[in-house]
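As a plain string of letters, each chain reads:
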Amino acid sequence: DNPGYLGIMRPSGSGDVVSGVVGAVVRNVNAFRNGEKNDNTAGGPVGIWTYDADSVTISNCTSFENLSLHNDGGGYDFDGGTTNSIIVDSVSYNNWGPGYEACSYTYGVINNNGTNSNNTIVNCTSSGDGYGRAFASVGVFPYQVDIQQLTVSNLVVNITNYPCDFYGD
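Residues numbered from 1 in each chain as written. Predicted model: local features only at pLDDT ≥ 70, side-chain atom pairs only at ≥ 80, totals over all residues. Heavy atoms only, no water.

This part takes up the pattern of salt bridges. In this structure the tally under the stated criterion is two salt bridges. R33 serves as the salt-bridge partner of D1, at 3.8 Å between the closest nitrogen and oxygen. With D1 in the segment before β1 (16-19) and R33 in the loop between β3 (30-32) and β4 (46-51), the pair connects residues that are 32 residues apart, well separated along the chain. Here E65 and R33 are joined by a salt bridge, their closest N and O atoms 3.6 Å apart. You can see E65 sitting in the loop between β6 (62-64) and β7 (74-78) and its partner R33 sitting in the loop between β3 and β4, a full 32 residues away along the chain. A residue is classified by how much of its surface remains accessible, and E65, at 31% relative accessible area, is partly exposed. Linked by salt bridges that have partners in common, D1, R33 and E65 make up one network. (Salt bridge = Lys/Arg side-chain N within 4 Å of Asp/Glu carboxyl O. Helix = DSSP H or I, 4+ residues; strand = E, 2+ residues; numbered from the N terminus. Buried < 20%, exposed > 50% of the residue type's maximum accessible area, 1.4 Å probe, protein only.)

Below is the structure:
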């Protein structure tokens, strides 16, 4: 229930963010109603997400009713520079943005110059996600560099838009 702030030039109002680590576990977290004041046009926030990190496990979590005024506002995100990580046995529902997303960008600090690779989303559900800006339950956004080897094995029940979005080349 973190609304964030207006006028901040970075993502504001996230639930749980993991960055700058090798090896982390996020377990049994509920992230909800975050980001309603985020007006950063570049992106964010997300309920539970990681960037510039390796070997992160997100398990048995629930992320719901997260918002944004411009971009993201989703449940979970493997953002730029996330490698060898997994989201497992988790639930996403009624998020403004995608239930699950993978993004990449060129300004990653510690990991692969922002490349997103070898990540897995498995045994997760998405329902009613992506109702803002025609998002979907699963979004793949390779903005400036490739996303390599993203594995998705989920139950998707999306009553709002499409099961999967892919933006990029």
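Another aspect to go through is the environment of R33. Residue class for R33 comes out partly exposed when judged on its relative accessible area of 37%. Those residues in contact with R33 that sit more than four places away from it in its chain are D1, N2, F64, E65 and N66. (Contact = heavy atoms within 4.5 Å.)

A word on the nonpolar core. As a rule of thumb, nonpolar side chains are buried together in soluble globular proteins. Counting residues in each nonpolar core, the largest one holds 15 residues, and the members touching the most others are I48, I58, Y76 and I87. Of all the secondary-structure elements, those providing two or more residues to this core are β2 (22-27), β5 (53-59), β7 and β12 (116-127). It is β5 that provides the largest number of residues to this core, a total of three residues. Not counting chain neighbours up to four residues away, the residues in contact with I58 comprise V26, I48, Y76, I86, I87, V88 and S90. (Core = buried A, V, L, I, M, F, W, Y, C linked by side-chain atoms within 4.5 Å.)

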